[in-house]
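As a plain string of letters, each chain reads:
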Amino acid sequence: METTPELRMCMVLLVVHHVKDAVVELSEHGVVLIVEDTGCLQAKVYLQRELFVIYEYGAHGRPRFGLSLGLLVDCLNTFSVPGHSNTIEIRYPGPDMQLLLRSVDSPDACIYAEIRTRIPDTVSWDYNFEPAGSTPLSFTVKSSALKEAIDDLEWPGSSIQIILQPTPPSVTFRGEGHGDLQIDFMYHVNTELLIAFNCDHRVSYSYKYKFLRATTSNIPSSVIRDNRGSKLTIGRGGMLKVQHLVSVHRPSNQHPHIDSAGYQQPSRIAYIEFFVKPDEDEDT
């Protein structure tokens, strides 16, 4: 496959505090990168095959391998040239099951790297997300507002309570530490901030602050400004799913697609998901 700087940015989004390793899964549809932190937080980046300049897949089944996430990010940064949209060829497997990276833009010079892979560890917990009922418990909020709310509620070692209620339709983030602090998003007051809201009964769950913060802490400001919004869904047992849709620009050597109505199609989208286990099992 051949990739561009925009795709490398999406991979960097997976850097979660204290997480050193990632699992990579390949398929005919694209690439999925997965990281996990202490059995309570799991993050995934979905890179569909359309995001790549070239994507060739000839394996049987879906190969999975583990690697050092920090080393992968360092290698991708090494290939980056400021102000230049260089292209990288990524191949798997190498002769010794390595991940091979090579620059392909310059005929006079070539940067080459190999990353050792390993057999991936078994996922320590089941992240299978199931709806909490017939009506989804979800809301969509501007990513910048979500990040600001979570940052403002920081208390060392604390938990953040998320409350959804249908009347009035609203979302509350409540933090507890030396005092109480809460941030309310009222659906009908500002629909540009709280873009969508689905809830038919009051629900409340608490989540460790460090895991909730990890869902937004590494998103660059440029991505937040361009993001369509972040969707949060509470599933069965209080499992929280946080979804970000990140626009990934087409490579500069390709012309944007113009549809029959004369409109330019939007940038490609990379899907980023976080799954966070609740701190408490009680649903109030």
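Scroll up to find the structure this text is about.
Residues numbered from 1 in each chain as written. Predicted model: local features only at pLDDT ≥ 70, side-chain atom pairs only at ≥ 80, totals over all residues. Heavy atoms only, no water.

Brief notes about unusual backbone geometry
Formally: Note on conventions: DSSP H or I runs of at least 4 residues are helices, E runs of at least 2 residues are strands, and numbering of each starts at the N terminus. The classification of residues rests on relative accessible area computed with a 1.4 Å probe and restricted to protein chains. Under 20% of the type maximum is buried, over 50% is exposed, and intermediate values are partly exposed.
Between Y92 and P93 the backbone carries a cis peptide bond, its omega angle lying at 0°. Relative to the assigned elements, P93 resides in the loop between β6 (88-91) and β7 (99-103). Cis rather than trans, the peptide bond between T167 and P168 has omega equal to -15°. Structurally, P168 can be placed in the loop between β10 (159-166) and β11 (169-176). One non-glycine residue, M97, lies in positive phi territory at about 65°. Tracing the sequence through the fold places M97 in the loop between β6 and β7. Assessed through its relative accessible area of 44%, M97 is described here as partly exposed.

Some words on the pairing of strand β14 (residues 203-208)
Using the following cut-off: A pair of strands counts as paired when DSSP detects no fewer than two bridges linking them.
Most of β14 is tucked away, with 5 of its 6 residues classed as buried. Examined bridge by bridge, β10 and β14 share 6 bridges and lie antiparallel to one another. Among the inter-strand pairings, I163 is bridged to a residue of β14, identified as S204.

Things to note about the packing of aromatic side chains
Rules: For Phe, Tyr and Trp, rings pair up if their centres lie within 6.5 Å, where Trp contributes its six-membered ring, and each pair is then called stacked (planes under 30 degrees apart), edge-to-face (over 60) or tilted (otherwise).
Summed over the entire model, instances satisfying the criterion amount to 5 aromatic pairs. For the ring pair F52 and Y55, a centre distance of 5.4 Å and an interplane angle of 35° mean the geometry is tilted. A relative accessible area of 9% places Y55 in the buried class. Each ring, one from F65 and one from Y92, has its centre 4.0 Å from the other, and the planes form 20°; the classification is stacked. Within this pair, whereas F65 is found in strand β5 (residues 64-68), its partner Y92 is found in the loop between β6 and β7, the two being separated by 27 residues in sequence. According to the relative accessible area criterion, F65 is buried, its value standing at 2%. Look at Y92 and you get partly exposed, because its relative accessible area is 24%.

Description of the pattern of salt bridges
Convention followed: Just to be clear on terms, a salt bridge is a Lys or Arg side-chain nitrogen sitting within 4 Å of an Asp or Glu carboxyl oxygen.
Applying the stated criterion to the full structure yields 8 salt bridges. Residue R118 is joined to D21 by a salt bridge in which the shortest nitrogen-to-oxygen separation is 3.8 Å. Linking R118 in the loop between β8 (112-115) and β9 (137-141) with D21 in strand β2 (residues 21-27), this pair joins segments that are 97 residues apart in sequence. Assessed through its relative accessible area of 38%, D21 is described here as partly exposed. Taking the shortest distance from any N to any O, the salt bridge between R213 and D151 comes out at 3.8 Å. Residue R213 is found in helix α4 (residues 209-214), and its partner D151 is found in helix α3 (residues 143-152); the two are separated by 62 residues along the sequence. Residue R213 is classed as partly exposed on the basis of its relative accessible area of 28%. Salt bridges here are not isolated pairs; linked through shared partners, they connect E25, R62 and R64.

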